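Residue strings, one per chain:
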Amino acid sequence: MKIGIFADPEAVADVAATLVITAMARTENRSLGVSTGSTPLPLYARLREAHARGEFTLEGVRAYSLDEYVGLPVEHPQSYRRVLFNELVGEGRTGLREEDLHTPNGHAEDVFAEAARYEESVIDARIKLQILGIGTNGHIGFNEPGTSLSARTHVEVLAKQTRSDNARFFGDDPDAVPELCITQGAGTIMEAKKLLLLATGATKATAVRAVVEGGISMHWPGSVLQWHDSVVLLADEEAAAELENADLYKERWELTTRRNM
Ligand code: PGA
């Protein structure tokens, strides 16, 4: 795992944007895994700015969401399809075409069959770069503690912690946060060629420590990333505050970046 530690979320977003822009420019298979939540928003803003300057486009890129709530109307401002549409779709944003934005259908009559269909479409896409956030409980996607680290796309019950963390998007009411979602499994996420994990803010410090320096365990689902050979973690100082080896990671980042490794 390559670990970069930066002063604040804005500095994290600058580096993340460079990585995404480079990865999407270089590849034949232009498929990008996108995530929601607050963490990637400054990154998406950078991508929109680069698009406005004519330096970058997601036109022709197929984008795949990590997850979607079950039961929220598509037009609900917090449905992940709506969030990602507003952030990324269209010439006014990043050039991503609406038909190239793929999200699980949280309204399917049979959500289990929909999870299986989405799994197949993600695997077929061979995701080149997957953007990830981390939950305060260590979830990636919505793989909550206790979920198999080799799980494929499935219907998941949201942890109480997650519903309380996400209440801020639902008028501060945890009960308004859906109870179920469809999420790529940790095993599905691990199939992406490269993973870009973003963590900012003090609330993430314990999860970052557990995921990076703890044992691989379904108690902290993000810890499975230790087993992937191409992960970049970009954290701000607050999220990295509990890392025991922070100085080593900084030194390694500095040296390998300078030598273009
Ligand atoms: P956040 O969510 O970016 O809103 O903190 C991250 C996550 O739950 O994966």
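Each remark here, short or long, concerns the structure printed above.
The structure contained in this document is the topic of the report that follows. (Residues numbered from 1 in each chain as written. Predicted model: local features only at pLDDT ≥ 70, side-chain atom pairs only at ≥ 80, totals over all residues. Heavy atoms only, no water.)

### Remarks on the packing of aromatic side chains
Moving on, step 1. For the structure on display, the rule yields six aromatic pairs.
Moving on, step 2. For the ring pair tyrosine 69 and phenylalanine 142, a centre distance of 5.8 Å and an interplane angle of 40° mean the geometry is tilted. Taken together, the residues tyrosine 69 in strand β4 (residues 67-69) and phenylalanine 142 in the loop between β6 (129-132) and β7 (154-157) connect sequence positions 73 residues apart. Of the two residues, tyrosine 69 and phenylalanine 142, both sit in the buried class.
Moving on, step 3. Ring geometry for tyrosine 69 versus phenylalanine 170: centroids 5.7 Å apart, planes at 85°, classification edge-to-face. Of the two residues, tyrosine 69 sits in strand β4 while phenylalanine 170 sits in the loop between α5 (160-165) and β8 (180-183), which places them 101 residues apart along the sequence. (Phe/Tyr/Trp six-rings, centres within 6.5 Å; stacked < 30°, edge-to-face > 60°. Helix = DSSP H or I, 4+ residues; strand = E, 2+ residues; numbered from the N terminus. Buried < 20%, exposed > 50% of the residue type's maximum accessible area, 1.4 Å probe, protein only.)

### Focus on the nonpolar core
Moving on, step 1. Ranked by size, the top nonpolar core spans 32 residues in total, and within it Val212, Leu225, Leu233 and Leu243 carry the most contacts.
Moving on, step 2. Looking at this core, the elements that each hand over two or more residues are β1 (2-6), α4 (111-125), α6 (186-189), β9 (194-199), α7 (205-213), β10 (231-236) and α8 (246-258).
Moving on, step 3. When residues of this core are assigned to their parent elements, the largest contribution, four residues, is made by α7.
Moving on, step 4. Those residues in contact with leucine 243 that lie beyond four places of it in its chain are Ile5, Val208, Arg209, Val212, Glu213 and Tyr249.
Moving on, step 5. By size, the runner-up hydrophobic cluster in this structure holds 29 residues, among which are Ala23, Val34, Ala63 and Leu234. (Core = buried A, V, L, I, M, F, W, Y, C linked by side-chain atoms within 4.5 Å. Contact = heavy atoms within 4.5 Å.)

### Observations regarding the packing of helix α2 (residues 41-52) against helix α3 (residues 80-88)
Moving on, step 1. α3 packs onto α2 with a crossing angle of 35° between their chain directions and a minimal axis gap of 9 Å. Between α2 and α3, the contacting residues are Leu41, Tyr44 and Arg48 on the first element and Leu84, Glu87 and Leu88 on the second.
Moving on, step 2. Its residues placed into classes, the contact of α2 with α3 shows four nonpolar, no polar and two charged. (Axes fitted to C-alpha atoms, helices over the stretch in contact; angles between N-to-C directions. Nonpolar A, V, L, I, M, F, W, Y, C, P; charged D, E, K, R; others polar.)

### Regarding unusual backbone geometry
Moving on, step 1. Located in the positive-phi region is arginine 126, a residue other than glycine, with phi close to 45°.
Moving on, step 2. Following the sequence through the fold, arginine 126 ends up in the loop between α4 and β6.
Moving on, step 3. Note on arginine 126: relative accessible area 58%, which makes it exposed.
Moving on, step 4. Positive phi is not limited to glycine here, since aspartate 172 has a value of about 60°.
Moving on, step 5. Along the chain, aspartate 172 falls in the loop between α5 and β8.
Moving on, step 6. Given a relative accessible area of 61%, aspartate 172 falls into the exposed group.

### Quick word on the site of the ligand
Moving on, step 1. Around the ligand lies a shell formed by Gly37, Ser38, Thr39, Gly133, Ile134, Gly135, His139, Arg168 and Lys204.
Moving on, step 2. At 2.6 Å, a side-chain N or O of lysine 204 approaches an oxygen atom of the ligand.
Moving on, step 3. Isolated, the ligand exposes 280 Å² of accessible area, and the fraction of that covered by the protein chains is 84%. (Near = heavy atom within 4 Å. Polar contact = N/O pair within 3.5 Å; in protein donor to acceptor, adjacent residues only side chain to side chain. Areas by Shrake-Rupley, 256 points an atom, 1.4 Å probe, with all protein chains shown as cover.)

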